[in-house]
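Structural overview for review
Spelled out from the first residue to the last, the chains are:
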Amino acid sequence: TWASPISADLVAGKSLRLGQVQSVGQDLYWSEGRPADGGRITIVHRDGEGTLVDLLPPPYSARSSVHEYGGGELLATSDGVFFINAEDQDIYVVRGDSSIERITEQEGWRFSDLCLDETNARLIGVAEIHRQDHDPEPENVLAAISLHPGGLGAVERLAEGKDFYGCPRISPDGATLAWLEWSLPHMPW
């Protein structure tokens, strides 16, 4: 019944949310939620000497909303850091010179959980296809996204028909792709 001196901002306003962590050689990359930026999520790079750099300037924010809860918002590679932009759910890449390039432009598609298929110059990831806003039953697929200059961003369905896909990974020799898939009410465990 009284005005509390303790506010939500006082409790959580300065708390960073640390997310996905990846390494490439001596370099570390992670997603970091910034309450002071309205919850925007940047990607931080720490090089081998310990220097920290934010890779994403506003308005970019690295967040996937696949399956609504997201995750898998970045993929660090030697050629750049691929990320899912929160605003449009498309895939972008930020390169070493700090340039940012949009890879996909797929209306209604959301992407997540990317891996690099160097052999075929493509990304492989989970995709969720929404036919309308707030689609209660979006289609889930495993997708390949071309990195070829002539077909950059072209999307190919690799697997479909299950309720969920996750964790696509390429074998070290590039010859085999493995992933998890399941349909409700069954779960992968």
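Heads up: the structure comes first, above all this text.
These remarks concern the structure in this document.

1. Examining the nonpolar core
Grouped together as the largest cluster of nonpolar side chains are 15 residues, with contacts concentrated most on Phe82, Ile91, Trp109, Phe111, Leu114, Leu123 and Ile145. Sorting the residues of this core by element identifies strand E6 (80-84), strand E7 (91-94), strand E9 (109-117), strand E10 (122-129) and strand E11 (139-146) as the ones contributing at least two each. Look past the residues within four positions of Ile145 in its chain and what remains in contact with it is Ile91, Ile103, Thr104, Phe111, Arg122, Leu123, Gly125, Gly153, Ala154 and Val155. One finds Ile41, Ile43, Phe83 and Tyr92 within the second-largest nonpolar core, a separate group that totals 12 residues.

2. Quick look at the pairing of strand E14 (residues 177-182)
Strand direction decides the pairing type here: strand E13 (residues 164-170) and E14, joined by 5 bridges, are antiparallel. Note on E14: the bridge partner recorded for Gly166 is Leu180. Counting the residues between successive antiparallel strands, the hairpin from E13 to E14 contains 6 residues, one of them, Gly174, with a positive phi of roughly 75 degrees.

3. Some thoughts on the sheet that holds E7
Taken in spatial order, the 4 strands make up an open sheet running E5-E6-E7-E8, and their pairing is antiparallel. Here the strands that pair on one side only, and so sit at the sheet edges, are strand E5 (74-77) and strand E8 (100-102). Shown here is a sheet whose adjacent strand axes are inclined to one another by a mean of 20 degrees, direction ignored. Note: E7 against E8, 3 bridges, orientation antiparallel. Along E8, the bridge assignment pairs Val94 with Ile100.

Conventions used here
All chains use their own residue numbering, which begins from 1 and follows the written sequence. For a predicted model such as this one, the threshold for reporting local features is a pLDDT of at least 70, and the threshold for listing and counting side-chain atom pairs is 80 or more; totals across whole chains, interfaces and linings nevertheless cover every residue. Calculated side-chain values reflect all of the structure's heavy atoms, with hydrogen atoms and water omitted. To qualify as a nonpolar core, a set must consist of buried Ala, Val, Leu, Ile, Met, Phe, Trp, Tyr and Cys residues joined through side-chain atoms within 4.5 Å. Here's how the labels work: a residue is buried when its accessible area is under 20% of the maximum for its type, exposed when over 50%, partly exposed in between, all with a 1.4 Å probe on protein chains only. Only DSSP runs of H or I reaching four residues or more are called helices, and only runs of E reaching two or more are called strands; each is numbered from the N terminus. Whether two residues are in contact is decided by their heavy atoms: any pair within 4.5 Å suffices. Strands are treated as partners if at least two bridges between them are detected by DSSP. The axes used here are C-alpha line fits, helices contributing only the stretch in contact, and every angle between their N-to-C directions lies in the interval 0 to 180 degrees.

Nothing here speaks to function; it is all geometry.
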